[in-house]
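Secondary and tertiary structure notes
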Amino acid sequence: MKILFLTYHGFEEASGISKKMLAQIKGLRQNGHEVHVCYYDITTDGRHCRFVDNDIIQDYGRGRWATLHQRMAYGCVFDYCLRNGIQLVYVRCFMNASPFNIRLFRKLRSAGIKAVMEIPTYPYDREMQTLPFKYRLEHVFDKMFRRRLAAVMDGIVTFTDEQQIFGQRTICISNGVDLDSIPLHAPQTSHHAALHLIGVAEVHPWHGFDRVMKGLGEYYSQRVETGNRLPDVFFHVVGGVQPEYMEHVFTPIIEKYHLQEQVVFHGKLFGKELDDVFNQCHFAIGSLGRHRTGITTIKTLKNREYATRGIPFIYSETDSDFDGQPYVLKAPADESPIDIQRIVDFMDAFAMKPDEIRKTVEHLSWKSQMRRVLDDLINNCDLK
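Conventions used here
Residues numbered from 1 in each chain as written. Predicted model: local features only at pLDDT ≥ 70, side-chain atom pairs only at ≥ 80, totals over all residues. Heavy atoms only, no water. Buried < 20%, exposed > 50% of the residue type's maximum accessible area, 1.4 Å probe, protein only. Helix = DSSP H or I, 4+ residues; strand = E, 2+ residues; numbered from the N terminus. Core = buried A, V, L, I, M, F, W, Y, C linked by side-chain atoms within 4.5 Å. Contact = heavy atoms within 4.5 Å. Axes fitted to C-alpha atoms, helices over the stretch in contact; angles between N-to-C directions. Parallel < 35°, antiparallel > 145°, perpendicular 65-115°, else oblique. Left-handed = near helix turned anticlockwise from the far one by under 90°. Expected span 1.5 Å × (residues − 1). Pairing = 2+ DSSP bridges. Patch = residues over 30% accessible without salt bridge, like charges linked within 9 Å, V, L, I, M, F, W, Y side chains within 5 Å. Areas by Shrake-Rupley, 256 points an atom, 1.4 Å probe, with all protein chains shown as cover. Salt bridge = Lys/Arg side-chain N within 4 Å of Asp/Glu carboxyl O. Lys, Arg positive; Asp, Glu negative; His and termini not counted. Charge placed at Lys NZ, Arg CZ, Asp CG, Glu CD.

1. Things to note about helix 10 (residues 301-309)
Most of helix 10 sits out of view: 8 of its 9 residues are buried. Buried within helix 10 we find Leu 301, Asn 303, Arg 304, Glu 305, Tyr 306, Ala 307, Thr 308 and Arg 309. Two residues or fewer after helix 10 comes Gly 310, characterised by a positive phi angle close to 95°.

2. So, the nonpolar core
Membership of the largest hydrophobic core comes to 54 residues, with the highest contact counts inside it found for Leu 197 and Ile 340. Ignoring anything within four residues of it in the chain, the contact list for Leu 197 reads Val 212, Val 233, Phe 234, Phe 235, His 236, Cys 281, Phe 283, Ile 285, Ile 340 and Ile 343. Residues Tyr 8, Cys 76, Ile 113 and Ala 150 belong to the second largest nonpolar core, which totals 41 residues.

3. Overview of the packing of helix 3 (residues 75-83) against helix 4 (residues 99-110)
The N-to-C vectors of helix 3 and helix 4 enclose an angle of 15°; their axes lie 9 Å apart at closest approach. The pairing of helix 3 with helix 4 is recorded here as roughly parallel in orientation. In this structure, the crossing between helix 3 and helix 4 has a hand that is right-handed. Two secondary-structure elements touch here, helix 3 through Val 77, Phe 78 and Cys 81 and helix 4 through Leu 104, Lys 107 and Leu 108.

4. Things to note about the environment of Ile 156
Within the secondary structure, Ile 156 sits in strand 7 (residues 156-158). The buried category is assigned to Ile 156, whose relative accessible area is 0%. Put simply, Ile 156 and Gly 324 are 168 residues apart on the chain and 28 Å apart in space, counted from C-alpha to C-alpha.

5. So, helix 1 (residues 16-30)
With 15 residues, helix 1 extends 21 Å between its outermost C-alpha atoms, agreeing within 8% with the 21 Å of an ideal straight helix rising 1.5 Å per residue. The complete set of buried residues in helix 1 reads Ser 18, Lys 20, Met 21, Ala 23, Gln 24, Ile 25, Gly 27 and Leu 28. Buried positions along helix 1 lie against strand 1 (2-7), strand 2 (34-42), strand 5 (88-92), strand 6 (114-119), helix 10 and helix 13 (366-380). Phi turns positive one or two residues past the end of helix 1, at Gly 32, with a value near 95°.

6. Observations concerning the pairing of strand 10 (residues 194-200)
Of all 7 residues in strand 10, 7 are buried; the element is thus mostly enclosed. Of the two faces of strand 10, both are covered, the one formed by Ala 194, His 196, Ile 198 and Val 200 as well as the one formed by Leu 195, Leu 197 and Gly 199. In this structure, strand 10 lies alongside strand 13 (residues 283-285), joined through 2 bridges in parallel fashion. When the bridges of strand 13 are listed, Ile 198 appears paired with Ala 284.

7. Some thoughts on the environment of Leu 364
With respect to the element layout, Leu 364 can be found in the loop between helix 12 (354-359) and helix 13. Looking at Leu 364, the relative accessible area reads 2%, which means it is buried. Aside from chain neighbours lying at most four places away, what touches Leu 364 is Ser 174, Asn 175, Gly 176, Val 177, Arg 304, Asp 321, Phe 322 and Gln 369.

8. Some remarks on the sheet that holds strand 15 (residues 328-330)
Strand order in the open sheet formed by 6 strands is 12-11-10-13-14-15, with parallel pairing between adjacent strands. Two strands in the sheet have a free side with no partner beyond their single neighbour: strand 12 (263-267) and strand 15. Within the sheet, the average angular offset between the axes of one strand and its neighbour, ignoring direction, is 25°. Examined bridge by bridge, strand 13 and strand 14 (residues 313-315) share 2 bridges and lie parallel to one another. Residue pairing across strands places Ala 284 opposite Phe 313, the latter belonging to strand 14. In this fold helix 9 (residues 272-280) packs onto strand 10, strand 11 (232-238) and strand 12, with an angle of close to 140° to the strand it touches most, strand 10.

9. Focus on a negative patch on the surface
A cluster of acidic residues, Glu 218, Asp 339, Asp 345 and Asp 348, forms a negative patch on the protein surface. Mapping Asp 345 onto the fold places it in helix 11 (residues 340-349).

10. Quick notes on the pattern of salt bridges
Pairing between side chains of opposite charge can happen when their charged atoms approach one another. One pass over the structure, following the stated rule, counts 23 salt bridges. Note that Lys 20 and Glu 118 form a salt bridge whose closest N and O atoms lie 3.1 Å from each other. Here the residue Lys 20 occupies a position in helix 1, and Glu 118 occupies one in strand 6, the gap between them amounting to 98 residues. Comparing Lys 20 with Glu 118 shows no difference in burial state: the two are buried. Ionic pairing is found between Arg 109 and Asp 154, a salt bridge with its closest N-O pair at 3.9 Å.

Below is the structure:
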């Protein structure tokens with residue numbers, strides 16, 4: 001089968017979203033299909049272009065008009081699909097609904113080309129209200145057109161258990177993992193003398209890292225008050241943090257509890273640098289604030305990446321792939337500080353090895369998850 005994987009932005013080496021999409025593409029190919037990748041990016045000389053497999057299929061020019069034009073002109077995508085015999089378009093669509101891409105998918109449907117739309121996070125309306133004005137404005141337009149866009153799809157791929165989204169039937173899968181690209185956790189030190197926690201994310205309120213910092217503050221305050229010889233605990237934050245969020249959320253907590261040495265911000269890391277920080281740490285932090293955006297059930301990519309590395313972790317949402325696993329701690333889905341002593345006690349009794357944790361997620365490979373999407377379309381939409 002010939003498949004076009006369509007995304008509305010380019011790829012970045014340090015981006016978790018980019019890594020996920022590349023792993024999905026690899027998973028489709030591992031199932032024996034011919035996959036081409038369509039994306040939008042800006043060249044080194046400032047031209048706004050749409051590409052397929054690194055070849056330019058439309059040059060929109062330079063400047064603000066080009067930025068606007070690329071959101072309106074999708075004829076090049078339709079023409080490419082017709083010329084190259086594309087049978088399925090898999091589109092990663094997040095707040096991209098507009099009359100222009102609705103027109104594209106209507107034309108694809110009329111030409112007999114199937115299409116599915118992946119919505120990476122659902123529901124996301126409350127989440128959007130926490131973001132800068134630019135995204136809130138895009139959200140207004142998305143709400144106007146998303147049901148009409150969903151109507152011209154053959155299904156919506158979701159990482160939830162929802163049976164219908166925006167009036168369209170869903171294809172429910174789990175976020176997958178690329179076992180080949182994620183190395184096994186190899187901690188360099190024992191956690192008994194000093195316990196190191198790691199949280200990896202492009203930090204937003206729904207990650208709830210402030211709950212960890214408040215928990216650290218209470219943990220160290222208790223140690224001072226009681227005189228107990230509790231082990232040192234450090235929190236390593238890997239990924240971008242918006243300056244406003246740092247100033248208004250993290251900095252006041254750090255200053256209040258004097259955590260300048262206990263909370264370490266590494267910025268964006270990838271490759272060996274990321275692996276080195278992971279191997280310095282013993283326990284990972286998943287999402288602890290999904291309740292802030294109205295989400296109770298979600299299958300986040302981060303949980304799966306932690307398990308693939310073989311590092312134990314904590315989160316607060318409902319995730320049926322991991323709830324009850326012996327290497328997982330569940331935090332309450334509220335605003336309470338994270339109980340750091342509970343993590344310390346958990347690690348003192350923890351005995352699973354990294355390769356034993358990894359074995360529990362082998363069935364979550366992207367090859368298996370993308371096969372579920374294709375099998376659904378073959379069974380329900382006459383995809384050949």
